[in-house]
Amino acid sequence: MTSDDPHPNDDPHPNDDRAASTSDSPADAVLFDLDGTLVEYDRSPTELLEVAFEAAGVEPFFGAEAYLERFGDHLGPGVSIAEGRAACFADLAERRGRDPALGRRVAAAYAAERDQTRVSTLPGAVEALDALGADHALGVVTNGPPEMQTTKLEAAGLADRFETIVFAGHDAPPKPDPEPFDRALDALGIPAGRAVHVGNSLSSDVAGAHAAGLRSVWVPAESDADPDPAPHYSLVSLAELRDAPW
């Protein structure tokens, strides 16, 4: 997830015994994460924060790295992205000896500037969906509210590419909980052992896939990383999915 909508990092199922198959047996379904995997915002969190601070008339007192690091701490069942962001910015303000109200003012400006239609597909996404869609059931499992994530899919021209979409954190607990993966596979009528999940987050996509018994694909993988948890497959780009062993 390289968007400004990060997700909780704690795995609620550290001892889940549903280990995914490591075989190269054929898969009948491929599930995808959305943000940072298939699409990305045209404006980065860093760019948007600069605009938000200026619009709120507040001198910048934290950066995108601090935001992304702390944001997941303020999400939970029933908490919207906007509410979580406002709480996060207020917390960051307080930690820096500033009035939490200033943080909430910046969060409101950020929300006003964030346009969910200003997204682009990541390189290789369309080609991978074309190749896999011919003989696989395709689905999306994304952490985010339906209105926001559906808008991104429509803006990127991907809305009609998937047979099922699960909005984790709304339809089910957020990833890495296995329930959103279970829901997607139930809708497709395909068991976990015959499915893979593609995502860019080790903590939510890879860990969540393993908890649900799916094979995991980490993309874009970092060449110098020692990933934890270790995915079943590490790809540099989505284009490599066209030659996947399943």
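Only a predicted model underlies this, so the values are computations on that prediction, with no experimental measurement involved. (Residues numbered from 1 in each chain as written. Predicted model: local features only at pLDDT ≥ 70, side-chain atom pairs only at ≥ 80, totals over all residues. Heavy atoms only, no water.)

1. Focus: helix 1 (residues 45-56)
- In this model helix 1 runs 16 Å from its N-terminal to its C-terminal C-alpha over 12 residues, within 8% of the 16 Å that 1.5 Å per residue would give.
- Within helix 1 the residues assigned to the buried category are Pro-45, Leu-48, Leu-49, Ala-52, Phe-53 and Ala-56. On an axial view of helix 1, the arc spanned by its buried residues comes to 135 degrees, and they lie on one face. Along helix 1, exposed side chains directed more than 90 degrees from the buried face belong to Glu-50, Glu-54 and Ala-55.
- Of the surrounding elements, those touching the buried residues of helix 1 are helix 2 (64-71), helix 3 (81-95) and helix 4 (100-113).
- Gly-57 sits one or two residues past helix 1 and shows a positive phi near 70 degrees. (Helix = DSSP H or I, 4+ residues; strand = E, 2+ residues; numbered from the N terminus. Expected span 1.5 Å × (residues − 1). Buried < 20%, exposed > 50% of the residue type's maximum accessible area, 1.4 Å probe, protein only. Arc of directions from axis to C-beta. Contact = heavy atoms within 4.5 Å.)

2. Topic: the sheet that holds strand 1 (residues 29-32)
- One open sheet accounts for 6 strands, arranged 5-4-1-6-7-8; its pairing is parallel. The outermost strands of the open sheet, each flanked by one partner alone, are strand 5 (164-168) and strand 8 (233-234).
- Relative to strand 4 (residues 137-143), strand 1 runs parallel, the two being bridged by 4 bridges. Each bridged residue has a counterpart across the sheet, and for Ala-29 the counterpart in strand 4 is Ala-137.
- In the packing of helix 6 (residues 146-155) onto the sheet, the strands contacted are strand 4 and strand 5, and the crossing angle to strand 5 comes to about 135 degrees.
- Contacting strand 1, strand 4, strand 5 and strand 6 (195-199), helix 7 (residues 179-188) runs over the sheet at an angle of about 160 degrees to strand 5. (Pairing = 2+ DSSP bridges. Axes fitted to C-alpha atoms, helices over the stretch in contact; angles between N-to-C directions.)

3. What to know about unusual backbone geometry
- Cis geometry marks the peptide bond from Val-219 to Pro-220; its omega dihedral reads -5 degrees.
- Counting through the fold element by element, Pro-220 comes out in the loop between strand 7 (215-218) and strand 8.
- The omega torsion of the bond from Asp-228 to Pro-229 falls at 0 degrees, within 30 degrees of zero and hence cis.
- Turning to its location among the elements, Pro-229 is positioned in the loop between strand 7 and strand 8.

Everything listed here is a matter of coordinates, which is why it stays silent on function.
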